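What the coordinates show
Here is what each chain is made of, one letter per residue.
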Amino acid sequence: MTRSLFKGNFWSADILSTVGYDSIIQHLNNGRKNCKEFEEFLKERAAVEERYGKDLLSLSRKKPCGQSETNTLKRALEVFKQQVDSVAQCHIQLAQSLREEARKMEEFREKQKLQRKKTELVMDAVHKQKSLQFKKTMDAKKNYEQKCRDKDEAEQAVSRSANLVNPKQQEKLFVKLATSKTAVEDSDKAYMLHVSTLDKVREEWQSEHIKACEAFEAQECERINFFRNALWLHVNQLSQQCVTSDEMYEQVRKSLEMCSIQKDIEYFVNQRKTGQIPPAPIMYENFYSPQKNAVPPGKATGPNLARRGPLPIPKTSPDDPDYSLVDDYSLLYQ
């Protein structure tokens, strides 16, 4: 805690001036506004974190990401999806923490507002009392000065009437002089009383001003410290989020280190292999070659039901009557 500086640096030579007090109040209002702005920033940041966390969660759970991978890479992708899900949850939790910090900032602002209100009410009262008493004192001074001028005029009138023969005229002047002297004495007493009262009011105002300066300075020190700590905590939370996320991503890196390209290739081959014998070369086939009916290389052998065999060679000539016989049935007329 530094030594008090407010109470020694916010005065004015003008007794009616409140420029020093007003300057402090303006500074405190600005400080309260700054706290409000940081509070709103935390709320907005919380909304960003929550929105990001929910979007990331939706992405992790709904969007396919290498779903047809197999073996070791598949396991790494499963770890990746799990850790992305965890990172998303962390961002949602961070949003809740930021809202809690914003709530604390709001409570702090309201607490300081109530504390300030008490001091401001006292200061408003002493300022009003000081202004009112100053006005009364100045009015009393004007009245006193006027009575003094009236007395001086009465004395001058008496001096000018010394050679007057009319005693009644002189008597009136003497009565007026006596009355003015009494008025001067009365106004002088009233004026002095008001000056004395004003001095007491001034001392009371100065005392309250000092108290207010000390209270406001203590409040400002508390506000700066609270604001500083809140900002420090905020960046610590963000740093911790980064550390936590990196720890989760480290699990993905470890799972990727366990991936084996050779094992994944072997796994695919064992699961999906179709055979180890490639097709034979395709041979040229001449249409007129007796080998045209041979089974082409690369095709399976077996009975060919789709093609007829060669025609039988007739045993008789066309001129032979038996040429037209089919099972003793002749197509020739005899």
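As a starting point, this report considers the structure included with it. (Residues numbered from 1 in each chain as written. Predicted model: local features only at pLDDT ≥ 70, side-chain atom pairs only at ≥ 80, totals over all residues. Heavy atoms only, no water.)

On to the overall build of the chain, then. The helix and strand tally for the chain stands at four helices and two strands. For the chain, the sequential pattern of α-helices and β-strands runs α-α-α-α-β-β. Within the chain, the proportion of its 334 residues that are buried is 27%. (Helix = DSSP H or I, 4+ residues; strand = E, 2+ residues; numbered from the N terminus. Buried < 20%, exposed > 50% of the residue type's maximum accessible area, 1.4 Å probe, protein only.)

Taken together, the side chains of I261, I265, F268 and V269 present a nonpolar region at the surface, about 430 Å² in accessible area. Here V269 shows up in helix α4 (residues 261–272). (Patch = residues over 30% accessible without salt bridge, like charges linked within 9 Å, V, L, I, M, F, W, Y side chains within 5 Å. Areas by Shrake-Rupley, 256 points an atom, 1.4 Å probe, with all protein chains shown as cover. Salt bridge = Lys/Arg side-chain N within 4 Å of Asp/Glu carboxyl O.)

Another point: the nonpolar core. Membership of the largest hydrophobic core is limited to 12 residues, which are C35, F38, L42, A46, L94, A95, L98, A102, M105, F227, A230 and L238. Mapped onto this core, the elements with two or more residues apiece are α1 (19–62), α2 (71–160) and α3 (167–257). Here this core gets five residues from one element, more than from any other, and that element is α2. Excluding its chain neighbours within four sequence positions, the residues that come into contact with F38 are M105, F227, A230, L231 and H234. Residues I25, V126, W205 and C213 belong to the second largest nonpolar core, which totals 11 residues. (Core = buried A, V, L, I, M, F, W, Y, C linked by side-chain atoms within 4.5 Å. Contact = heavy atoms within 4.5 Å.)

Turning to empty space enclosed by the protein, a few remarks are in order. Taken as a whole, this structure holds two cavities of 30 Å³ or more when the rule is applied. By volume, the largest cavity is sized at about 100 Å³. Residue lining of the largest cavity: L28, R32, C35, F108, R109, Q112, K113, R116, Q219, E220 and R223, and that is the complete set. The set of elements that each furnish at least two residues to the lining of the largest cavity consists of α1, α2 and α3. With five residues, α2 is the largest single contributor of residues to the lining of the largest cavity. The calculated volume of the second largest cavity comes to roughly 60 Å³. Lining the second largest cavity are F10, W11, S12, D14, S17, T18, V19, G20, Y21, H127, W205 and H209. Elements with a contribution of two residues or more to the lining of the second largest cavity: α1 and α3. When residues in the lining of the second largest cavity are grouped by element, the largest group, three residues, is from α1. Grouping the amino acids of the lining of the second largest cavity by side-chain chemistry returns five nonpolar, six polar and one charged. (1 Å grid on protein atoms, 1.4 Å probe; cavity = no way out; pocket = protein on both sides within 12 Å on 5 of 7 lines; lining within 4 Å. Points joined across faces, edges and corners; volume = space filled by probe spheres on them. Nonpolar A, V, L, I, M, F, W, Y, C, P; charged D, E, K, R; others polar.)

Next up on the list: the pattern of salt bridges. By the definition in use, this model includes 23 salt bridges. When the shortest N-O distance is used, the salt bridge between R202 and D199 registers 2.7 Å. With R202 and D199 both in helix α3 and three residues apart, the pair spans about one turn of that helix. Its salt-bridge partner being R253, residue D246 comes within 3.2 Å of it at the nearest N-O pair.

Quick look at the packing of α1 against α3 now. The relative placement of two packed helices comes down to the angle between their axes together with the axis-to-axis distance. Contact geometry of α1 with α3 gives a least axis separation of 11 Å together with a crossing angle of 20 degrees. What the angle tells us is that α1 and α3 run roughly parallel. The hand of the α1/α3 crossing is left-handed. In terms of residue class, the contact of α1 with α3 is made up of 14 nonpolar, six polar and four charged. (Axes fitted to C-alpha atoms, helices over the stretch in contact; angles between N-to-C directions. Parallel < 35°, antiparallel > 145°, perpendicular 65-115°, else oblique. Left-handed = near helix turned anticlockwise from the far one by under 90°.)

For the structure shown, the criterion picks out eight aromatic pairs. Measuring from centroid to centroid gives 4.1 Å for F108 and F226, while their planes differ by 5 degrees, and the two rings are stacked. Taken as a pair, F108 in helix α2 and F226 in helix α3 lie far apart in primary sequence, 118 residues in all. Taking 5.2 Å as the distance between ring centres and 85 degrees as the angle between the ring planes, the aromatic pair formed by F287 and Y288 counts as edge-to-face. By the burial criterion, F287 is exposed, and Y288 matches it. Taken together, the aromatic side chains of F38, F41 and F227 make up a single cluster linked through ring pairs. (Phe/Tyr/Trp six-rings, centres within 6.5 Å; stacked < 30°, edge-to-face > 60°.)

Quick look at the side chain of S187 now. Looking at where S187 falls in the secondary structure, it is placed in helix α3. Of note is the side chain of S187, whose polar atom sits 3.0 Å from the backbone oxygen of V184. Discounting residues that sit within four places of it in the chain, S187 has contacts with N143, Y144 and K147. (Polar contact = N/O pair within 3.5 Å; in protein donor to acceptor, adjacent residues only side chain to side chain.)

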